[in-house]
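This is what each chain is made of:
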Amino acid sequence: MRILAIETSCDDTCVAVLEIRNSKLEIKSNIVSSQVKLHQKYGGVYPSLAKREHQKNLPLLIKKVSHNKIDLIGVTAGPGLDPCLWVGVNFAKDLAKKLKVSIVPINHIEAHILVNFIGNNFQFLISNFQTMFPAICLVVSGGHTQLILMKGVGKYRILGETQDDAAGECFDKVARILGLGYPGGPAIAKLAAKFEGGFASINLPRPMIHQKNYDFSFSGLKTAVLYDFKNRKPKERKSKKYIQAMCHEAQQAIIDVLIKKTLKAAKNYKTKSIILGGGVAANNELRKQFRERVKKEIPYCKFYIPDSEFCTDNALMTGIAVYFNRRKKKNWKKIKANANLRIDRKL
Ligand code: KG4
Ligand code: ZN
């Protein structure tokens, strides 16, 4: 089966072509056209600008991939920025008509989860399902922070989510306060890694860490960074040492909350695995600390995390989600190119 996948939920225009035979994945193309430079001056994604760029980029990217023997087209249908999503959806509909193939609408959050199923040697982990589920999934991106109980492909329950900013959004906003540009996550991670200690006076809160629920809140953390920053003398707040210390503390505060709540959910629901996904899961320190804590506190629990390049938005994960959704739906052939796509906001 050959799948062409399109992803335009935020600021990356992404196209991929996948070939899947006997659960073995071959990546024919996986192109990500980043708009980072364009949005940098706004310190975040500017939706109407992103839409225009998708409209410009998609036809160019599509020309670069082979349309030969495509069986299905998959497209991110939500959640995401509405104007951006519709560019991808309309483009996919037209292409599906042209190629006379069916189209599968994909939930972006589910795609961030399912990209974990690329096993060693690109053989999907389908035979591992018995030992994987139930699983706790933590999806942490620029738009979402959700803890999901997963009982199988397509069987999800949202246990908790952020009440305000997403974890990635918090990285981005803290970076903006510190003048580090967009996207904030990678910039903060880089400076945090340079921190050598010796700046003990920054103590940020770990919002909702002790609450019984599985919800998150990150906007207070960003405000605490802002107050600390404003209260410093101009010379100090510009110093390398201060910026590094602040990056380290803000990153650690986010990591502490994410790990604590995820492990609590895994213990309470006695899950067999923990699955991570989304752009923030590319954070090296988060990956390292998660792995160590799972091993120490719940060694019976398996830990899955995509390669860093597959954590941030890409169309490969959309294509993988097409494969699993196609398997799930008996009548998938009936989803015609001109079918009205429903934008699913919830899993
Ligand atoms: O999943 P993603 O590519 O797009 C959305 O679906 O939102 O996630 C983007 C988010 C941005 O907020 C970015 O700052 C964050 O992921 N991010 C990181 C890292 N790389 C990307 N956050 C922390 N550390 C990173 N290394
Ligand atoms: Zn995403």
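Residues numbered from 1 in each chain as written. Chains lettered and ligands numbered in written order. Predicted model: local features only at pLDDT ≥ 70, side-chain atom pairs only at ≥ 80, totals over all residues. Heavy atoms only, no water.

Draft legend 1. Spotlight on the nonpolar core. If you look at the biggest cluster of nonpolar residues, it comprises 52 residues, and the most contacted ones within it are L258, I274, L276 and F290. If you list the elements that add at least two residues to this core, you get β6 (135–140), β7 (145–152), α6 (167–177), α7 (184–192), α8 (219–231), α10 (240–268), β9 (273–277) and α11 (284–297). Broken down by element, this core gets its largest block of residues, 15 residues, from α10. A5, L18, L114 and C137 belong to the second largest nonpolar core, which has 41 residues in total. (Core = buried A, V, L, I, M, F, W, Y, C linked by side-chain atoms within 4.5 Å. Buried < 20%, exposed > 50% of the residue type's maximum accessible area, 1.4 Å probe, protein only. Helix = DSSP H or I, 4+ residues; strand = E, 2+ residues; numbered from the N terminus.)

Draft legend 2. Representation of unusual backbone geometry within the structure. For the peptide bond that leads from F133 to P134, omega is 5°, which places it in the cis range. Following Y182, the chain continues into P183 via a peptide bond in cis, with omega recorded as -5°. If you trace the backbone, P183 turns up in the loop between α6 and α7. The residue S23 is not glycine, and still its phi comes out positive at about 65°. Within the fold, S23 resides in the loop between β2 (12–21) and β3 (24–34).

Draft legend 3. Spatial organisation of the sheet that holds β2. Taken in spatial order, the five strands make up an open sheet running β3-β2-β1-β4-β5, and their pairing is mixed. Only two strands of the sheet have a single neighbouring strand rather than two, namely β3 and β5 (102–107). Direction aside, neighbouring strands of the sheet carry axes that sit 20° apart on average. Summarising the sheet, strand β4 (residues 72–78) and β5 pair through six bridges and their orientation is parallel. When the bridges of β5 are listed, G78 appears paired with N107. Packing against the sheet, helix α2 (residues 47–64) makes contact with β1 (2–7), β2 and β3, and its axis sits at approximately 30° to β2. Packing of helix α3 (residues 82–99) onto the sheet brings it into contact with β1, β4 and β5, and relative to β4 it is tilted by some 160°. (Pairing = 2+ DSSP bridges. Axes fitted to C-alpha atoms, helices over the stretch in contact; angles between N-to-C directions. Contact = heavy atoms within 4.5 Å.)

Draft legend 4. Just the coordination of the zinc ion (ligand 2), in detail. Those protein atoms acting as donors to the zinc ion (ligand 2) are H108 (NE2), H112 (NE2) and D313 (OD), and they sit at 2.1 to 2.2 Å. Written as a sequence motif, the donor residues of the zinc ion (ligand 2) are H-x3-H-x200-D. Separated by 205 residues along the polypeptide, H108 in helix α4 (residues 108–114) and D313 in the loop between β10 (302–304) and α12 (315–328) bring together distant segments of the chain. Each member of the pair, H108 together with D313, is buried. (Donors = N, O, S within 2.8 Å, 3.2 Å for Na, K, Ca; no water.)

Draft legend 5. How the structure looks around α7. Within α7, burial applies to G184, G185, I188 and A192. Each buried residue of α7 lies within a common arc of 95° when the element is viewed along its axis, so the set occupies one face. Seen from the buried face of α7, the exposed residues on the opposite side, beyond 90 degrees, are P186 and K190. In this structure, the buried residues of α7 make contact with α6 and α10. (Arc of directions from axis to C-beta.)

Draft legend 6. Quick peek at the site of ligand 1. Close to ligand 1 lie 20 residues, the nearest being G142, D172, G279, N283 and D313. Contact between ligand 1 and G143: an oxygen atom at 3.4 Å from a main-chain N or O atom of the residue. Between ligand 1 and N283, the relevant distance is 3.0 Å, taken from a nitrogen atom to a side-chain nitrogen or oxygen of the residue. In isolation ligand 1 offers 550 Å² of accessible surface; the protein chains occlude 90% of this area. Residue assignment for the shell around ligand 1 shows that the elements contributing at least two residues are α4, α6 and α7. When its residues are assigned to classes, the shell around ligand 1 shows six nonpolar, twelve polar and two charged. For the shell around ligand 1, the domains that each give at least three residues are domain 1 (2–119 + 308–327) and domain 2 (129–304). (Near = heavy atom within 4 Å. Polar contact = N/O pair within 3.5 Å; in protein donor to acceptor, adjacent residues only side chain to side chain. Areas by Shrake-Rupley, 256 points an atom, 1.4 Å probe, with all protein chains shown as cover. Nonpolar A, V, L, I, M, F, W, Y, C, P; charged D, E, K, R; others polar. Domains from an automatic or database assignment.)

Draft legend 7. Inspection of the packing of aromatic side chains at higher detail. Under the defined criterion, the tally for this structure stands at twelve aromatic pairs. Where F216 meets F218, the ring centres are 6.1 Å apart and the plane angle is 10°; that geometry is what we call stacked. Residue F218 is classed as buried on the basis of its relative accessible area, which comes to 0%. Ring geometry for F290 against F303: centres 5.5 Å apart, planes inclined by 15°, an arrangement best described as stacked. Highlighted residues: F290 in helix α11 and F303 in strand β10, separated in sequence by 13 residues. Residue classification places F303 among the buried positions, given a relative accessible area of 18%. Each residue in the set F117, F124, F129, F133, Y323 and F324 is aromatic and connected to the rest through ring pairs, giving one cluster. (Phe/Tyr/Trp six-rings, centres within 6.5 Å; stacked < 30°, edge-to-face > 60°.)

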